[in-house]
Amino acid sequence: MSFEIIDNLFQVLVLGCMAVLSFVLAFRRHSRSCLILAFGYASFMMGTLYYLLHLVIMGYGPQIFYVAECSWMASYFFFISLEILYWETLRPPFSPAALAAALSVAGIVLLAQVFGPSPLMYGTVAFTFGGLTYLCLSALREEKRPRLYELSLLWEMALQILLFVVSGYIRDYTHFNLYHFVDILLTLSLVGFLPHVLHEEAP
């Protein structure tokens, strides 16, 4: 069996379980944060599921897979919504350093064409990743203790960019390689979002 199938199946199963768990916790704890996170997990999982099904049924990955990329992109809208919920209560002052970092991240996304090659798609990613970077860094500057959710979100975005950079140099996906290693790390970093959110909500 191709390791590409194993990698994608692992991501679908893990994120599917995290989505279900987040939904259950959202209703049990009456938590908006868990509900938003559940939709984020579900969106990311469905994008990978589309890619996996195409790979299994057709025998190769989709040549035009904006269905998957749009679903992956949608997950970040939920992640940024979760950060905005917190950021609005903190109201940190304007941070030039955070803005510079955000513009740098947006520039890297544009150069790497993350979720490309459509300019509309990687332009949206650049705006979203840049916005997330600014929100996270400006909030971190004001916090007495760094929030693990923000740190893990910054780490996850870095892995997402790295994944697309690495994919430009990989031709054989049937065997384990650096691409699969980064993708597995990305999956595990997404798993970490829920424990961090639950820790913040703990009385």
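Residues numbered from 1 in each chain as written. Predicted model: local features only at pLDDT ≥ 70, side-chain atom pairs only at ≥ 80, totals over all residues. Heavy atoms only, no water.

(A) Broad picture of the nonpolar core. One finds Tyr41 and Tyr76 to be the most contacted residues of the largest nonpolar core, which totals 56 residues. Elements supplying a minimum of two residues to this core: helix H1 (3-29), helix H2 (32-58), helix H3 (66-90), helix H4 (96-112), helix H5 (119-142), helix H6 (148-167), helix H7 (178-191) and helix H8 (193-201). For Tyr41, the contacting residues outside a window of four places in its chain are Leu15, Met18, Ala19, Ser22, Leu190, Val191, Phe193 and Leu194. (Core = buried A, V, L, I, M, F, W, Y, C linked by side-chain atoms within 4.5 Å. Buried < 20%, exposed > 50% of the residue type's maximum accessible area, 1.4 Å probe, protein only. Helix = DSSP H or I, 4+ residues; strand = E, 2+ residues; numbered from the N terminus. Contact = heavy atoms within 4.5 Å.)

(B) Representation of the pattern of salt bridges. The final tally for this structure, using the stated rule, is 3 salt bridges. Two residues, Arg147 and Glu150, come together in a salt bridge whose shortest N-O distance is 3.0 Å. A relative accessible area of 9% places Arg147 in the buried class. Judged by its relative accessible area of 0%, Glu150 falls in the buried class. A salt bridge links Arg147 to Glu200, with the nearest nitrogen and oxygen atoms 2.7 Å apart. Of this pair, Arg147 sits in the loop between H5 and H6 while Glu200 sits in helix H8, placing them 53 residues apart in sequence. (Salt bridge = Lys/Arg side-chain N within 4 Å of Asp/Glu carboxyl O.)

(C) Representation of the packing of H2 against H3. Two elements in contact, H2 and H3, have axes whose closest approach is 7 Å; the angle formed by their N-to-C orientations is 165°. As summarised for this structure, H2 and H3 are arranged roughly antiparallel, according to the angle between their axes. Here the hand of the crossing between H2 and H3 comes out left-handed. Contact residues: Arg32, Ser33, Ile36, Leu37, Phe39, Gly40, Ser43, Phe44, Met46, Gly47, Thr48 and Tyr50 in H2; Val67, Ala68, Ser71, Trp72, Ala74, Ser75, Tyr76, Phe78, Phe79, Ser81, Leu82 and Leu85 in H3. (Axes fitted to C-alpha atoms, helices over the stretch in contact; angles between N-to-C directions. Parallel < 35°, antiparallel > 145°, perpendicular 65-115°, else oblique. Left-handed = near helix turned anticlockwise from the far one by under 90°.)

(D) Summary view of the confidence of the model for the protein chain. When pLDDT is averaged across the protein chain, the result is 90; 96% of the residues are at 70 or more. The lowest-confidence element of the protein chain is H3, averaging 87 in pLDDT; the highest-confidence one is H7, averaging 96. (pLDDT = per-residue confidence, 0-100.)

(E) Structural detail: a nonpolar patch on the surface. A cluster of nonpolar residues, Leu49, Leu53, Val56, Ile57, Met58 and Tyr60, forms a patch on the protein surface that exposes about 570 Å² of accessible area. Take Leu53: it is sitting in helix H2. Its relative accessible area of 44% is what places Leu53 among the partly exposed residues. (Patch = residues over 30% accessible without salt bridge, like charges linked within 9 Å, V, L, I, M, F, W, Y side chains within 5 Å. Areas by Shrake-Rupley, 256 points an atom, 1.4 Å probe, with all protein chains shown as cover.)

(F) Focus on the packing of aromatic side chains. Going through the model one piece at a time under the given rule, you end up with 14 aromatic pairs. Seen from their ring centres, Tyr76 and Phe79 are 5.7 Å apart, and the 90° between their planes marks the pair as edge-to-face. Of this pair, Tyr76 and Phe79 both sit in helix H3, 3 residues apart, which is roughly one turn of the helix. The exposure class assigned to Tyr76 is buried, which follows from its relative accessible area of 0%. Each ring, one from Phe115 and one from Phe164, has its centre 5.1 Å from the other, and the planes form 80°; the classification is edge-to-face. (Phe/Tyr/Trp six-rings, centres within 6.5 Å; stacked < 30°, edge-to-face > 60°.)

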